[in-house]
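Remarks on the overall topology
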Amino acid sequence: MTREPQAQGEGRVLEVADLWVEFATPGGTVYAVNGVGFDLRRGETLAILGESGCGKSVTALAVMGILRAPPARFRARTMRLGEVDLLRASPAEMRSIRGARIAMIFQDPFMSLNPTKTVGQQIGEVFRVHRGVSQAEARRLAIGLMERVRIPSAKRRVDDYPHQFSGGMSQRIMVASAIALGPEILLADEPTTALDVTVQAQIMDILAELRRESGMAVVLITHDLRLAAETAERAAVMYAGRIVETGPMADIYARPRHPYTIGLLRSLPDDEGQRRRLHPIAGTPPVLSQLPAGCAFVPRCQWAQARCSRELPPMRPVAGEQACACHFASELTLA
Amino acid sequence: MSRFFIRRVWHSFVVLFVVLTFVFIAGRMIGDPAILLLGPEASPADILRVRGQMGLEAPLWDQYVRFMMGAVQGDFGTTFRYGFAVPDVATAGSTGTPVLPLVLERLPATYLLAVTAMAIAGSIALVLGCLAAMYPRSVLDRAINVISLAGVSTVDFWLGFMLILLFSVQLGWFPTSGFGGISFLVLPAMTLAVRPIGRVSQLVRSAMLDELSKPYIDALRAKGFPERRIVFRHALKNASIPVATMVGEELLQIVQGAIVVEVVFAWPGVGSLLVTALSTRDLPLVEATVFILALTAITINLIVDLVYTRLDPRVRFG
């Protein structure tokens with residue numbers, strides 16, 4: 001665990017504060033992200049944890065500036081990439097930043113590639129658009145990147161199409177095109193969820209290696225607490241569009257404070273592979289178009305009190321850098 | 001050339017064989033060609049003699065073999081009466097102009113008309129479809145929807161007459177009918193283009209919306225590519241895969257539509273020839289025309305398949 005200076009801007013590559021995203025749908029407004037904020041320090045890995053539909057991917061898309069609007073609407077108090085104010089950047093500035101300073105990889109690598117262009121064209125296109133290099137040069141650079149993400153016989157495979165690659169290889173190609181211009185930040189949205197466990201480990205190894213080499217910061221968006229614990233230095237746990245717990249990954253994993261985080265941890269199978277009954281979190285996440293006034297976790301929380309449904313618990317520090325948005329955070333223990 | 005394409009060529013030969021067989025059977029089913037040729041008042045002796053000359057007294061399978069052998073060599077017999085004012089009982093069925101050259105002579109005019117109509121329709125439909133897909137549910141999208149619905153609902157020979165009334169008779173911008181420079185081409189090509197504009201623009205719109213909703217579009221946006229590049233170099237290219245199939249179908253529809261529209265505009269193509277052949281009961285000429293139209297259809301389908309393999313690598317390697 002590295003301790004970075006806390007001064008404003010110092011060591012921080014990304015700052016997001018009070019981000020709100022909503023979607024106008026025929027069934028009413030869906031409040032997907034409700035006042036999310038986080039900082040990303042240079043070279044660190046931040047895990048954004050939560051189940052499907054909790055707003056983690058939407059947060060990433062909002063930071064990239066590629067939410068589909070309409071139907072999406074978003075606002076934030078702060079969104080800074082280093083010295084650049086992303087909220088004031090023009091569309092052209094945003095385009096020059098995306099893919100160059102901040103890159104993103106997605107959950108389904110196969111669906112994230114254009115099926116009718118060769119992988120070489122797709123990786124090389126990043127250089128063609130951002131650097132204006134020639135076709136031949138782009139192809140040469142693409143081969144180099146494919147070698148860097150350890151795609152076997154890259155020279156031969158550069159002119160193959162996505163359907164000729166496996167899922168793991170496709171994700172390597174996505175990684176290759178994401179790191180092409182040496183971004184400061186990589187947003188990895190469930191990068192291994194669609195892949196086998198063994199392939200998952202390979203992709204995470206490649207990401208770790210790239211981080212070591214380039215000092216790139218990673219936002220790992222995942223529902224997989226164990227994957228986050230293995231990879232990330234810090235974590236933010238999201239529930240129903242809010243961050244409910246944040247702090248050093250090791251502290252959260254060792255002593256979760258929010259009932260939701262506690263539930264996530266209890267639902268994991270044993271580390272040692274011993275057979276025991278798993279404890280799923282009872283109930284289902286709330287409908288994001290009808291969020292309650294108080295804490296959104298109340299219907300699923302075994303410790304909920306009357307106060308919880310009335311009052312939205314604010315984020316409060318509990319111990320060290322760990323903070324939690326629960327009225328009873330200091331009283332709860334992992335039973 | 002891929003194995004896929006060789007297989008498709010082989011299929012085409014099978015289709016052509018089937019079409020020829022149908023042409024043969026239909027030709028024997030519409031009545032005695034000798035009576036068709038000589039008219040209902042002909043004497044039984046004359047009919048018998050002409051049947052003999054036409055080889056109709058031979059067994060059916062023998063006629064079939066001879067018909068197929070002739071077709072393979074491009075010989076569909078000679079015209080019954082095309083070019084003659086009065087049918088000559090003595091020579092009918094034995095001499096006269098071979099029909100295939102007659103059809104081939106008319107072919108370029110029909111192809112010119114069909115390709116022009118398709119080019120007009122394709123380019124307009126592409127622009128309309130893309131605009132509608134880029135601004136879905138906008139006023140523009142709705143207006144384009146109305147245009148395309150009007151297009152698909154149009155009856156082409158009626159539209160042809162209306163265009164003649166407006167642009168030739170009232171405004172005098174284009175000649176009413178006939179064959180000559182580009183001015184003669186405009187109205188019939190526009191007439192034939194209207195329906196494909198409607199059908200193709202609707203498909204372009206839905207195919208583009210489909211492509212633009214796919215995750216790879218988000219991935220391209222995440223790479224900071226300009227929207228223009230994403231829409232035209234990526235989405236449009238992929239959306240053109242289903243569109244290519246429909247353009248092939250529409251081209252066939254245009255060739256079919258040309259049969260009537262050529263008559264409306266007195267366009268000297270295969271279509272008006274076929275109508276003349278039918279109304280004069282000129283069986284060999286009908287057979288040759290149908291054969292050439294079938295060949296055209298098969299060729300268009302082959303070209304579509306070829307375009308497919310260029311557009312979609314998954315077909316190429318499949």
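Look above for the structure.
Residues numbered from 1 in each chain as written. Chains lettered and ligands numbered in written order. Predicted model: local features only at pLDDT ≥ 70, side-chain atom pairs only at ≥ 80, totals over all residues. Heavy atoms only, no water.

1. Details of the sheet that holds strand β12 (residues 316-319) of chain A
Residue and element names in this part refer to chain A. Spatially, 8 strands are ordered β7-β8-β9-β3-β10-β11-β13-β12 in an open sheet, and the strand pairing comes out mixed. Pairing within the sheet leaves two strands with one partner each, and these edge strands are β7 (102-105) and β12. Here the average twist between neighbouring strands, direction ignored, is 20°. Taken together, the 6 bridges between strand β10 (residues 234-239) and strand β11 (residues 242-248) define a ladder with antiparallel strand orientation. From the neighbouring strand, Ala236 faces β11, where its bridge partner is Thr246. Contacting β7 and β8 (185-189), helix α6 (residues 167-179) runs over the sheet at an angle of about 170° to β7. In the packing of helix α10 (residues 259-266) onto the sheet, the strands contacted are β10 and β11, and the crossing angle to β10 comes to about 105°. (Pairing = 2+ DSSP bridges. Helix = DSSP H or I, 4+ residues; strand = E, 2+ residues; numbered from the N terminus. Axes fitted to C-alpha atoms, helices over the stretch in contact; angles between N-to-C directions. Contact = heavy atoms within 4.5 Å.)

2. Re the side chain of Thr154 of chain B
Residues and elements named next belong to chain B. With respect to the helices, strands and loops of the structure, Thr154 is situated in the loop between α6 (139-152) and α7 (156-170). A distance of 2.7 Å separates the side chain of Thr154 from the backbone oxygen of Ala150, its partner in a polar contact. Thr154 has contacts with Leu159, Val194 and Arg195, leaving out every residue within four places of it along the chain. (Polar contact = N/O pair within 3.5 Å; in protein donor to acceptor, adjacent residues only side chain to side chain.)

3. Section: the nonpolar core
Grouped together as the largest cluster of nonpolar side chains are 154 residues, with contacts concentrated most on Leu14 and Leu187 of chain A together with Phe76 and Met208 of chain B. If one sorts the elements of this core by residue count, helix α5 (residues 99-134) of chain B sits on top with 16 residues. Contact partners of Leu187 of chain A, with chain neighbours within four places excluded, come to Ala60, Val63, Met64, Ile102, Ala103, Met104, Ile105 and Val219 of chain A. One finds Leu288, Ala296, Val298 and Cys308 of chain A within the second-largest nonpolar core, a separate group that totals 28 residues. (Core = buried A, V, L, I, M, F, W, Y, C linked by side-chain atoms within 4.5 Å. Buried < 20%, exposed > 50% of the residue type's maximum accessible area, 1.4 Å probe, protein only.)

4. Describing the packing of α6 of chain A against helix α7 (residues 197-214) of chain A
Residues and elements named next belong to chain A. Direction vectors running N to C along α6 and α7 enclose 15°, while the axes themselves pass 10 Å from each other. Considering their axes alone, α6 and α7 lie roughly parallel with respect to each other. Considering only the axes of α6 and α7, their crossing is right-handed. Between α6 and α7, the contacting residues are Gly168, Gln171, Arg172, Val175 and Ile179 on the first element and Val199, Gln202, Ile203, Ile206, Leu207 and Leu210 on the second. Its residues assigned to classes, the contact of α6 with α7 comprises 7 nonpolar, 3 polar and 1 charged. (Parallel < 35°, antiparallel > 145°, perpendicular 65-115°, else oblique. Left-handed = near helix turned anticlockwise from the far one by under 90°. Nonpolar A, V, L, I, M, F, W, Y, C, P; charged D, E, K, R; others polar.)

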